[in-house]
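# Architecture at a glance
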Amino acid sequence: MHQPSPPHPACPCPRRRALWLAATGLSLGLLGSANSAPSAKVEGLVRLPRDALQVQINQVALDSLGPKVAVVSSAGRASGGRYRVLRDGQVQAEGPLSALPAFEAWAPGRQHFQVDFSALTVPGRYQVEVWVGGQHVRSATVQVEPQALFRQTAGALLDYFRQSRHLDEGDRRRRIFETDRVVDVWGGWRDAGGDTGKYLSHLGYANFFNPQQAPMAAWVLAHSAHESAGLFARAGLLRQAQDEAFWGADYLHRVLDEEGYFYTTVFDRWGAADAERMVVGYEGEDGVYTRGYRSAFRAGGGLAIAALARAAMLAESSGRQGEFNGAAYLADARRAFAHLQTHGRSYCANGQENLIDDYSALIAAVELLRATGDAEYLQAARERAAQMLQRQDSEGHFYSDAVGQRPHYHAVEAGLPLISLSHYLSIEPETARQASVRQALGRALDAQQRLDQAVANPYGYARQRFRLAAPGGTPGPIQSGFFMPHRNETGYWWQGESARLASLSTAAVLAGRALEPTPGGKANFGIRADLARSAQAQLDWILGRNPYGISMLYGFGARNPPAAPSSAGVMLRGGVSNGITGAPDSEAGEGLAFANGPSENQWRWNEQWLPHSAWLLLAAVTLAR
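The next point concerns the overall build of the protein. Summing up its helical and strand segments, the protein has 16 helices and 18 strands in all. For 625 residues, the compact-globule estimate of 2.2 N^0.38 gives 25 Å, and the C-alpha radius of gyration of the protein, at 23 Å, lies within 12% of that figure. When the backbone C-alpha atoms are referred to their principal axes, the protein occupies close to 75 × 65 × 50 Å. Counting all 625 residues of the protein, 62% fall into the buried class. Of the roughly 21,400 Å² of accessible surface on the protein, a fraction of 49% belongs to carbon and sulfur atoms.

The pairing of strands in a sheet happens through backbone hydrogen bonds and is either parallel or antiparallel. With antiparallel pairing, the 3 strands of this open sheet are ordered in space as S1-S3-S6. Both outer strands of the open sheet, strand S1 (53-56) and strand S6 (110-116), are each paired with one neighbouring strand and no more. Neighbour to neighbour, the strand axes of the sheet diverge by 20 degrees on average, direction disregarded. With 4 bridges joining them, S1 and strand S3 (residues 69-75) adopt antiparallel strand pairing. Bridge assignment links Val 55 to a residue of S3, and that residue is Val 72.

Pairing is antiparallel in the open sheet, where 3 strands are placed in the order S12-S13-S14. Edge positions in the open sheet fall to strand S12 (198-199) and strand S14 (278-279), since each of these has one partner strand only.

Here we come to helix H11 (residues 431-453). Between its first and last C-alpha, H11 extends 33 Å over 23 residues, near the 33 Å set by a 1.5 Å rise per residue. Considered for burial, the residues of H11 that qualify are Gln 434, Val 437, Ala 440, Leu 441, Gly 442, Ala 444, Leu 445, Ala 447, Gln 449, Leu 451 and Asp 452. For H11, the elements touching its buried residues are helix H9 (375-390), helix H10 (416-425), strand S17 (464-467), strand S18 (478-481), helix H12 (498-514) and helix H13 (529-542).

As a further point, take the environment of Ala 470. Its location among the elements puts Ala 470 in the loop between S17 and S18. Accessibility expressed as a relative area gives 25% for Ala 470, which makes it partly exposed. When the C-alpha positions of Ala 470 and Pro 584 are compared, they lie 16 Å apart, and in sequence the two are 114 residues distant. Once you skip the residues sitting within four places of it in the chain, Ala 470 turns out to touch Arg 487 and Asn 488.

So, on to the pairing of S3. With 6 of 7 residues buried, S3 lies mostly within the body of the structure. In the sheet, S3 pairs with S6 via 7 bridges, with the strands oriented antiparallel. Looking at S6, one finds that Val 72 is bridged to Phe 113.

What follows is about the environment of Gly 155. Looking at where Gly 155 falls in the secondary structure, it is placed in helix H2 (residues 148-163). Given the relative accessible area of 23%, Gly 155 is considered partly exposed. Through-space distance from the C-alpha of Gly 155 to that of Ala 235 is 8.3 Å; in sequence the pair is 80 residues apart. Setting aside residues no more than four positions away along its own chain, Gly 155 makes contact with Leu 237 and Gln 240.

Turning our attention to the nonpolar core. Inside soluble globular proteins, nonpolar side chains tend to come together where they are buried. Counting 173 residues, the largest nonpolar core has Ile 305 and Trp 493 as its most contacted members. Excluding its chain neighbours within four sequence positions, the residues that come into contact with Ile 305 are Phe 262, Phe 297, Ala 333, Ala 336, Phe 337, Leu 340, Ala 364 and Leu 368.

Mean pLDDT over the protein stands at 93; residues scoring 70 or higher make up 93%. In the model of the protein, helix H1 (residues 18-24) stands out as the element of lowest mean pLDDT, 34, in contrast to helix H6 (residues 301-318), which has the highest, 99. Every residue in residues 3-39 scores below 50 in pLDDT, and together they form 94 contacts with partners more than four places removed in sequence or on other chains.

Attention now goes to the pattern of salt bridges. What the rule picks out here adds up to 38 salt bridges. Among the ionic pairs, Arg 433 bridges to Glu 430, the shortest N-O distance being 3.0 Å. Since its relative accessible area comes to 34%, Arg 433 is described here as partly exposed. One salt bridge in this structure joins Arg 545 and Asp 540, with 3.4 Å as the shortest N-O distance. As far as burial versus exposure is concerned, Arg 545 and Asp 540 are alike and both buried. Overlapping salt bridges, with partners in common, bring together Asp 168, Asp 171, Arg 174, Lys 198, Asp 268 and Arg 277 in one network.

Two quantities define a packed helix pair, namely the angle between the axes and the distance from one axis to the other. It is the contact of helix H3 (residues 214-227) with H6, at a shortest axis distance of 8 Å, that shows an interaxial angle of 30 degrees. When the axis of H3 is compared with that of H6, the two are roughly parallel. Every pair of crossing elements has a handedness; the one defined by H3 and H6 is left-handed. Facing Pro 215, Met 216, Ala 218, Trp 219, Ala 222, His 223, Ala 225, His 226 and Glu 227 of H3, the residues of H6 in contact are Leu 303, Ala 304, Ala 306, Ala 307, Arg 310, Ala 311, Met 313, Leu 314 and Ser 317. Here the residues of the contact of H3 with H6 are counted per class, giving 13 nonpolar, 3 polar and 2 charged.

Reading the values: the criteria
- Residues numbered from 1 in each chain as written.
- Predicted model: local features only at pLDDT ≥ 70, side-chain atom pairs only at ≥ 80, totals over all residues.
- Heavy atoms only, no water.
- Helix = DSSP H or I, 4+ residues; strand = E, 2+ residues; numbered from the N terminus.
- Rg over C-alpha atoms; globule rule 2.2 N^0.38 Å.
- Buried < 20%, exposed > 50% of the residue type's maximum accessible area, 1.4 Å probe, protein only.
- Areas by Shrake-Rupley, 256 points an atom, 1.4 Å probe, with all protein chains shown as cover.
- Pairing = 2+ DSSP bridges.
- Axes fitted to C-alpha atoms, helices over the stretch in contact; angles between N-to-C directions.
- Expected span 1.5 Å × (residues − 1).
- Contact = heavy atoms within 4.5 Å.
- Core = buried A, V, L, I, M, F, W, Y, C linked by side-chain atoms within 4.5 Å.
- pLDDT = per-residue confidence, 0-100.
- Salt bridge = Lys/Arg side-chain N within 4 Å of Asp/Glu carboxyl O.
- Parallel < 35°, antiparallel > 145°, perpendicular 65-115°, else oblique.
- Left-handed = near helix turned anticlockwise from the far one by under 90°.
- Nonpolar A, V, L, I, M, F, W, Y, C, P; charged D, E, K, R; others polar.

Pasting the structure below:
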């Protein structure tokens, strides 16, 4: 979560802090380089594999009763071939390959096929073997079992949060920008592999890009440990999940100002030698300090309230707590919500709330209603849900502001609108309101399906609608593509979309379950087959079924992103790298790129970031429930 430009000569590189990294004693290890050639010039360089025949598969975990699809990529124009599916080395299925529609946007001259082995449900280690045009190759292995993603990854994901804890005692006393006030902002988590800053959100100056960062992690942990306690207990992970949830809630308690707003960032310009670490807002790739340190709903305030309310429920049900108790968490949530209901707009850069405020405030209101039963929160939730539905067009697409203006797209949490509405649906008692929300969910899910299928799409990647826009400029017409555009309102920020994909997977499952019950019981996660296939495809991409054959979850799979310490920092097991993007020279994010340099840009792809692991954990819990 950094700036891409080289540092000022007087300021040692904010992202490339080799001395700081060495001082932490954290691993800079490398697990596989995905066919990358050694380079003295570019750290962590990765090249797109050129093997004549490739089989890309989820390298980590597939649910026994869920979709299971491998993608075959072959150089040339072969129209067919053969496959075999192996379980623990024994043939389970075989047959002819059928070619998929032509797709050359990422790798000209290649033909794609798929192998669907969803019907195979017996647990084991699976591989796919293929023959095309005289070539033969066998895939990486994948574990198939019930609740596979949770069972295989939850422990490591929780370990990642613990390893990412920020423990610098200096944060006990940090100054607030342009004041003499000193406050205690100790705790929380380091934001990313190369960034010790702590963020409820950032990019607020661009209005439509705020990602939910530390509060999202805190809410995922508290919500999951509370709602899915049995799941964690059976895995021997419940106490660890509770500990991490309370750790996050304790930090949110500390960064809640006595006036009722949260401090958005504790920032030091990415470790710049001449920068004071303080409570401050900032703008742009130069990290210019600003007064924008008060969080609006969209700048982490809404999810912070939700996390505190859920932590209060967790404390009551478990009889445990962090440094502070459940009563304190709930009092914080109440006070912050009341404050933002009155003052939230004044904390928005443009003075106007948008869809991100709506869905963040909606989750906050829902969690406060669950924690208190107070009718005021039901009314607040209804108002936010109604506002969200007004921002949806008849085809099902959401807009950031008004229908027909800026299409809502988000590189981190594209699924959060549907997730918030699904949670609201669970607390809304009126049948008519329930029906309106279900219709909105159905329209949105169908709109995403149509968008994904509008072009050849062998990997089933979730596409997005956007308008090219520069800061202060006139936006272009609405268009669509696979990856977020590089010409956008931030002026510089774009990166891989692992969190976005996990959020969309979670949204498809939660919203799909909120629609009419589907036949099949536990098969396909309890949702329509097409939605299940799409939900799984997004997770598959993160976990290795992508053109690079790289699992972005470090320590899992046959290949992981290589280390790029001067730009992307440390690599921790259970951390998830940013991921694949469009080509750097494409304003619209067309083409394909991963870790192709230069070194100071490698953070866009290689760096691990807190929201990615939070979203993957939420997806794992959601699929397993």
